[in-house]
Amino acid sequence: LNKSLASFLRKSGCRNIYLIPNGVDTRNFQLCRSPSNSKFFNILFTGRLTKDKGADTLIEIIRYVNEKSKLQNIKFTIAGSGPLEDVVKAVTQKYKNVNYLGFVNPEVISKIYMNANLFLIPSRTEGMPLSLLEAQSCGLPVIGSKIPGILDVVINKKTGCLVNVGDVRGFAEAVKKYYELWRDSPEEYYN
């Protein structure tokens, strides 16, 4: 699914290894609305609510942004289910700018991407993250962990920002950068 895994398997002596990454139907995942139409800067996370997918890091990013960055007009939208669901629900009770949707049917998820301004993927491990491909198909900038799978898709400082795994402050600073660009220069943000 990604270059790193293919390389590892080849070096381990496996033969007939072919890199075949995931893909998305771009008819379903189309460009988002212009950010100048948004009242809120909507930050989206979609995926399983597990430590591997960085759901615990996501919670810490939300805390940091709300308590230390104190940015205005920011909203977090979380779609997914899993073992850390109770922790996510607790965060929605603490912060009014966090919206937890639970599991979302695949037929509806494209509409959620289209209403977002930024996609977070703070994973610890990935193969080829379908959610990342969906977000990028919608034209969303991405802040993701600097790991195989994400490294295969995100071009650092062009289509998104890569951050070390678990670096909550690094993720929060990247959120602030994209937020300020959205707020101050929506035309540049959209390009």
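Look up: the structure comes first, before these words.
Residues numbered from 1 in each chain as written. Predicted model: local features only at pLDDT ≥ 70, side-chain atom pairs only at ≥ 80, totals over all residues. Heavy atoms only, no water.

### A word on the packing of aromatic side chains
Using the following cut-off: What counts as a ring pair is set by centres within 6.5 Å for rings of Phe, Tyr and Trp (its six-membered ring), and what kind of pair is set by the plane angle: stacked under 30 degrees, edge-to-face over 60, tilted for all other angles. By the criteria applied, helices consist of DSSP H or I runs no shorter than four residues and strands consist of E runs no shorter than two, each listed in order from the N terminus. Using a 1.4 Å probe on the protein chains alone, a residue whose accessible area is under 20% of its type maximum counts as buried, one over 50% counts as exposed, and one in between counts as partly exposed. When the NZ atom of lysine or the CZ atom of arginine is within 6 Å of a ring's centre and also within 35 degrees of its normal, the charge is said to sit over that ring.
Inspection of the entire model under this criterion finds four aromatic pairs. Seen from their ring centres, F41 and W182 are 5.3 Å apart, and the 50° between their planes marks the pair as tilted. On the criterion of sequence distance, the pair formed by F41 in strand β1 (residues 41–46) and W182 in helix α6 (residues 168–184) is long-range, its members being 141 residues apart. Like W182, F41 is buried. With centroids separated by 5.9 Å and ring planes inclined at 40°, the aromatic side chains of Y113 and F119 adopt a geometry described as tilted. An identical accessibility class is assigned to Y113 and F119; each is buried. One residue, K177, lies across the ring of Y178, its end atom 4.8 Å from the ring centre.

### Comments concerning the pattern of salt bridges
Defined as follows: A pairing counts as a salt bridge when a side-chain nitrogen of Lys or Arg comes within 4 Å of a carboxyl oxygen of Asp or Glu.
This structure, assessed with the given rule, holds six salt bridges. Put simply, K89 and E85 hold a salt bridge, and the shortest N to O gap is 3.6 Å. Of this pair, K89 and E85 both sit in helix α3 (residues 85–94), four residues apart, which is roughly one turn of the helix. With a relative accessible area of 40%, K89 lands in the partly exposed category. For E85, a relative accessible area of 22% corresponds to the partly exposed category.

### A word on α6
Put simply, the rule is: Helix span, as expected, comes to 1.5 Å for every residue beyond the first. Working definition: the arc comes from the directions between the helix axis and the C-beta atoms, pointing outward to the latter.
Taking 1.5 Å of rise per residue, 17 residues should cover 24 Å, and α6 covers 24 Å from first to last C-alpha, within 8% of that figure. Those residues of α6 that fall on the buried side of the exposure criterion are V168, F171, A172, A174, V175, Y178, Y179 and W182. Seen end-on, α6 carries its buried residues on one side only, within an arc spanning 160°. Counted as exposed and oriented over 90 degrees from the buried face of α6: R169 and D184.

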